[in-house]
Amino acid sequence: MTRLSAITPSGHAHLGNHLGAIRRWANQGRPGDLYFVSDLHAMTVSYNPARLRVLSRELLAVLVAAGIEPDQVFVQSDLVRELGALSWILECACSYGEAARMTQFKQKSGTGEPVGTVRLGLLTYPVLMAADILLQGAAEVPVGDDQSQHVELARTLARRFNQTYGEVFTVPTAVMPPTAARVRDLVDPSRKMSKSTQDSVGVVFILDTADLIHRKIKRAVTDSVERMEYRPTEQPGLANLLEILSACTDVAPADLATQYPTYGALKSATAEAVVEELRPIREGAQSLLADPAELDRIRKAGAHRATERGAHRLSSALRLAGVA
Ligand code: ATP
Ligand code: MG
């Protein structure tokens, strides 16, 4: 039973991505599972092409360096022809209302820009996501709350296609991964650490140097209460540091609070633990990035496998749809 997960190169991967997703993918993944860099999804908002190319490569290197088997990873755009074709087939099985109803579309299109200037891709990208899932025949898609509606759409489209034109697609199920700690921004603990945040002083990137990690954590916002206790609501900055250290050491945040006399001592210990947690990934990713031939080989092999995997489903879908 294949599980499919993706991460979008909308920025550099950070500690939250590692603790909340990548680490689990590497440790708990099963042999048939697939992971991909969803670079096509990064195009629904304004972006820089050269940067996107670099970020995609970097993210692929990070996934492999984190311990995900190289034969389980691929880059989405390496399947752009197949996905383009399947997206069209699925768009023609999807109503405008179904796409426009997506909460994420409503949220993202409702912020700032007048709706007339929002990219059409923002409306249709859940259909592309359905194509990602259905092309690979994934049975399970682990998602957070924000994406479960998109998997629901993929289910609907798979069922509808199967019933209308003929059985081709595995009907996927959204599975909720066990909740991992939500790592918060170090300078603004009211928001989560994000790849696409403009201001990166509160974000620890996986590829940051040890020195930079120390500096960022030292500058983390705490409070003036100066009370070493794990109280997420009252002392969110401090709680965030305790949660990060907890995720790196496997000791409960409340227990850690009793072990450090000052915020400074806790910050040093947290920085130390984060540096060690990220070290093997940083070093592994850097050596892959310094060996473009090896990274290209992994990428090509992944593209080949994923294309082969989807080939029969795509050709059956096209045939049943009355084309190609
Ligand atoms: P963006 O700003 O583009 O949305 P992001 O940093 O939120 O980027 P996603 O690509 O949305 O990252 O998410 C990739 C994976 O990382 C998901 O499984 C998500 O749950 C997890 N994740 C993202 N941010 C955090 C965080 N701060 N703490 C824990 N897990 C996180
Ligand atoms: Mg996100």
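Quick notes on the rules
Residues numbered from 1 in each chain as written. Chains lettered and ligands numbered in written order. Predicted model: local features only at pLDDT ≥ 70, side-chain atom pairs only at ≥ 80, totals over all residues. Heavy atoms only, no water. Patch = residues over 30% accessible without salt bridge, like charges linked within 9 Å, V, L, I, M, F, W, Y side chains within 5 Å. Areas by Shrake-Rupley, 256 points an atom, 1.4 Å probe, with all protein chains shown as cover. Salt bridge = Lys/Arg side-chain N within 4 Å of Asp/Glu carboxyl O. Helix = DSSP H or I, 4+ residues; strand = E, 2+ residues; numbered from the N terminus. Domains from an automatic or database assignment. Contact = heavy atoms within 4.5 Å. Buried area = accessible area lost by both parts, 1.4 Å probe. Near = heavy atom within 4 Å. Polar contact = N/O pair within 3.5 Å; in protein donor to acceptor, adjacent residues only side chain to side chain. Nonpolar A, V, L, I, M, F, W, Y, C, P; charged D, E, K, R; others polar. Core = buried A, V, L, I, M, F, W, Y, C linked by side-chain atoms within 4.5 Å. Buried < 20%, exposed > 50% of the residue type's maximum accessible area, 1.4 Å probe, protein only.

A.B. asks: Could you clarify how one ought to interpret a nonpolar patch on the surface in this entry?
C.D. replies: Where nonpolar side chains cluster on the molecular surface, the patch consists of V187, V201 and V221 and spans about 180 Å² of accessible area. Along the chain, V201 turns up in the loop between β5 (173–175) and α8 (210–218).

A.B. asks: Please explain the domain arrangement of the protein as it appears in this structure.
C.D. replies: Segmenting the protein into domains produces domain 1 (4–175 + 292–320) and domain 2 (200–286). With centres defined by C-alpha atoms, the gap from domain 1 to domain 2 works out at 32 Å. Domain 1 puts 13 residues into the contact, and the matching count from domain 2 is 14 residues. For domain 1, the biggest contributors to the area lost against domain 2 are L15, H18 and A65; these three give 41% of the whole. Between the two partners, domain 1 and domain 2, sit one salt bridge. R23 is the partner of E277 in a salt bridge, and the nearest nitrogen-oxygen pair spans 3.3 Å.

A.B. asks: Help me understand the side chain of N240, please; the structure alone is not making it clear to me.
C.D. replies: Counting through the fold element by element, N240 comes out in helix α9 (residues 236–249). Excluding residues that lie within four positions of it along the chain, N240 makes contacts with R182, V183, R184, D185 and L186.

A.B. asks: Sorry, what's going on with the site of ligand 1 here?
C.D. replies: With respect to spatial proximity, 15 residues lie near ligand 1, and among them S10, H14, K192, K195 and S196 are the closest. Here an oxygen atom of ligand 1 and a side-chain polar atom of K192 are 2.6 Å apart. When ligand 1 sits alone it has 590 Å² of accessible area, and the protein chains cover 77% of it. Considering each element in turn, the shell around ligand 1 owes the most residues, four residues, to helix α1 (residues 15–28). Split by residue class, the shell around ligand 1 holds five nonpolar, seven polar and three charged.

A.B. asks: Explanation requested: the nonpolar core in the structure shown.
C.D. replies: Generally speaking, a soluble globular protein has its nonpolar side chains buried in company with each other. Ranked by internal contacts, the top residues of the largest apolar core, which has 52 residues, are V204 and V274. Considering each element in turn, this core owes the most residues, eleven residues, to helix α11 (residues 263–289). In terms of domain composition, this core takes at least three residues from each of domain 1 (4–175 + 292–320) and domain 2 (200–286). Non-local contacts of V204, meaning those with residues more than four positions away in its chain, are made with H14, L15, L186, M193, I213, K216, I217, V274 and L278. Core analysis: the second largest hydrophobic core is formed by 41 residues, L83, I89, A130 and A154 among them.

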